[in-house]
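# Descriptive analysis of the structure
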Amino acid sequence: NGCAASATNSITVVINSLPTASTVNLSGPTQFCKGGNVTLSVPLTAGYSYSWRNENGFIAGTGSNTYTASASGKYQLKISNTSGCSVLTSPVNVTAKLIPDKPVITSDFKQGECPGVNKILLNVSPVNTGYNYQWSRNGVLLSNETASSLEGYLLHGDYSLEADLNGCKAQSE
């Protein structure tokens, strides 16, 4: 209708920067036997806050740039800056492998028998599927003796058996 009005609005846009997502450093291998651990860390940066998480969510009490993982899981670090922006590091898969049961040796050897004269049978009890075995005499490995039993005209000595499950080991008495 021939009428005009002019107006100017001013909007300030502030773009906050994201924190730098560092690569997680490892203190050792991420696969270890139960009872072991690996320390995960990123360089400490002033003004950043940290919170570690796994597939179950955030881990309570982990406000540091380092975390020692002793259980299997997928670990990530949330890094936040003072502007309220945050990033997640790439996940790190940690595997705590099972330790085999300590082997128990049974024997048909009777006190008073002469070693080397009568056949002797040594067995592990129970035999566990997936375990690898290695027999020793007086602390020295017996070559090619990797079955769950040892039979023959055995020489006098202290016999022991090592059980191995995916690189984790347990030694008999």
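Scope of this entry: the structure provided in the associated data block. As the structure is a computational prediction, the values presented were derived from the model and not from experiment.

### Comments concerning the sheet that holds strand β3 (residues 38-41)
Taken together, three strands build an open sheet; the order of strands is β1-β3-β6 and the sheet is antiparallel. Bordering the open sheet on either side are β1 (25-26) and β6 (66-69), each of which pairs with just one other strand. The sheet contact formed by β3 and β6 spans four bridges and is antiparallel. If you follow L40 over to β6, its bridge partner there is Y67.

### Some details on the packing of aromatic side chains
A complete count under the given rule lists three aromatic pairs for this structure. Residues Y67 and Y75 carry aromatic rings whose centres are separated by 5.6 Å and whose planes lie at 35 degrees to one another, so their mutual orientation is tilted. Pair check on accessibility: Y67 and Y75 agree, each one buried.

### Here's the deal with the side chain of S160
Examined against the element boundaries, S160 turns out to sit in strand β15 (residues 159-165). Polar side-chain contacts of S160 include one of 3.0 Å to the side chain of Q171. Each residue touching S160, except ones within four places of it in the same chain, is listed here: I105, Q134, W135, S136, Q171, S172 and E173.

What counts, and at which threshold
- The residue numbers shown here count from 1 along each chain, following its written sequence.
- Reporting in this predicted model follows two pLDDT cut-offs: at least 70 for local features of residues, and 80 or more for side-chain atom pairs to be given and counted; totals over whole chains, interfaces and linings ignore these cut-offs and use all residues.
- Here the side-chain values reflect all heavy atoms present in the structure, with hydrogen atoms and water set aside.
- One bridge is not enough; two strands pair if DSSP finds at least two bridges between them.
- The helix count covers DSSP runs of H or I at least four residues long, the strand count covers runs of E at least two residues long, and both are numbered beginning at the N terminus.
- Here a pair means two rings of Phe, Tyr or Trp (six-membered ring of Trp) with centres within 6.5 Å. Their orientation is stacked below 30 degrees between planes, edge-to-face above 60, and tilted elsewhere.
- Each residue's exposure class comes from its accessible area (1.4 Å probe, protein chains only) as a fraction of the maximum for that residue type: buried when under 20%, exposed when over 50%, partly exposed otherwise.
- We define a polar contact as two N or O atoms separated by no more than 3.5 Å, with the added condition that, inside protein, one atom must be a possible hydrogen donor and the other a possible acceptor, whereas residues neighbouring each other in sequence contribute only through side-chain atom pairs.
- Residue contacts are counted whenever heavy atoms from the two residues lie within 4.5 Å of one another.

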